[in-house]
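Summary of structural features
Letter by letter, the chains look like this.
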Amino acid sequence: MTHPITRRAFVRAAAYGAGALGVIGAGLAPMPSRKRPTAGPRLTARPRPPSATVEFGVDPAKFDRMVAVYDRAADGTFKARPRVQPAPPKDFNGGGGLCSTANDYVRFTRMILRHGLTGVNTEILKARTVAMMMQNQIGGLTAGKLRTFQPNVSSEVDTHPGGVDKWGLGFLLQGPGTTGVRNEGSMAWAGIYNTYFWIDPHRGISGVVMMQYMPFFEKDAVGLLGDFERAVYANI
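Figured I'd write up the structure that's included with this text. (Residues numbered from 1 in each chain as written. Predicted model: local features only at pLDDT ≥ 70, side-chain atom pairs only at ≥ 80, totals over all residues. Heavy atoms only, no water.)

1. Let's talk about the side chain of N194
Within the element layout of this structure, N194 appears in the loop between strand 13 (187-191) and strand 14 (195-200). Exposure remark for N194: the relative accessible area of 0% places this residue in the buried category. A polar side-chain atom of N194 sits 2.9 Å from the main-chain carbonyl oxygen of P215. Those residues within four positions of N194 in sequence are excluded, and the remaining contacts are V209, M210, M211, Q212, Y213, M214, P215, F216, F217, E218 and A221. (Helix = DSSP H or I, 4+ residues; strand = E, 2+ residues; numbered from the N terminus. Buried < 20%, exposed > 50% of the residue type's maximum accessible area, 1.4 Å probe, protein only. Polar contact = N/O pair within 3.5 Å; in protein donor to acceptor, adjacent residues only side chain to side chain. Contact = heavy atoms within 4.5 Å.)

2. Examining the packing of aromatic side chains
What the rule picks out here adds up to nine aromatic pairs. Here Y105 and F108 contribute two aromatic rings whose centre-to-centre distance is 5.8 Å and whose plane-to-plane angle is 65°, an arrangement assigned as edge-to-face. You can see Y105 and its partner F108 sitting in helix 2 (residues 102-113), three residues apart, about one turn around the helix. Relative accessible area serves as the criterion here: at 2%, Y105 is assigned to the buried category. Of the aromatic side chains, those joined through ring pairs into one cluster are Y105, F108, F171 and F197. (Phe/Tyr/Trp six-rings, centres within 6.5 Å; stacked < 30°, edge-to-face > 60°.)

3. Let's talk about the sheet that holds strand 5 (residues 78-80)
Read from one edge of the open sheet, three strands run 5-4-16, paired in mixed fashion. Two strands lie at the open edges of the sheet, namely strand 5 and strand 16 (213-214), each paired on one side alone. (Pairing = 2+ DSSP bridges.)

4. Considering the sheet that holds strand 15 (residues 205-210)
The strand order 11-12-13-14-15 describes an open sheet built from five strands, whose pairing is antiparallel. The outermost strands of the open sheet, each flanked by one partner alone, are strand 11 (166-167) and strand 15. Relative to the sheet, helix 2 contacts strand 13, strand 14 and strand 15, its axis offset from that of strand 15 by approximately 155°. Contacting strand 14 and strand 15, helix 4 (residues 219-234) crosses the sheet at an angle of about 30° to strand 14. (Axes fitted to C-alpha atoms, helices over the stretch in contact; angles between N-to-C directions.)

That's the geometry; what it means functionally is another story.
Right under this line is the structure:
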């Protein structure tokens, strides 16, 4: 079942963690999520803007574009999971099971950089809404540190070792104390199959990296993300 991106869809995807979006072409990366009220009917309530398309599940006609997901063994080797048509989703929550292309995900990040605009000035979000998404919403609490109870699913997570990150309305917010990478106040999140993005409004750039394997936040995946990010900032 296909649902074009609308204003409501962008709001839900952002509010529930857009990094959970999966990828067709660059890989399928749905992220398990907590139950939330169904969003399926809401995502078709408005006309489709000239931007991007997301899907809950994968349209059978696009199955040949769905990239396999890999598991990494203790010896460092990768094993592909069987590519099977995902079952039709039962929970349209905006935070898991969404699939798209890498190019369309970049369009999402550019929409945030443009303060809610996409295409030829089509408004998806109000500028004041995007501004709120960029603001700390958790006070003195710290974000970006996660313990693991399933090492085969996720490694221990610390997005900013030695630093303090915050959480806005939908994004992890970069704390102070970084050089040569995203600036303080940049927005980011990730998907369980080592899919990452960041949005740096201070420099006007964003980055998307899709790797399609588990466990999440595995050291080599984090290393590749860091190398890519540093290379970007060294050449702008």
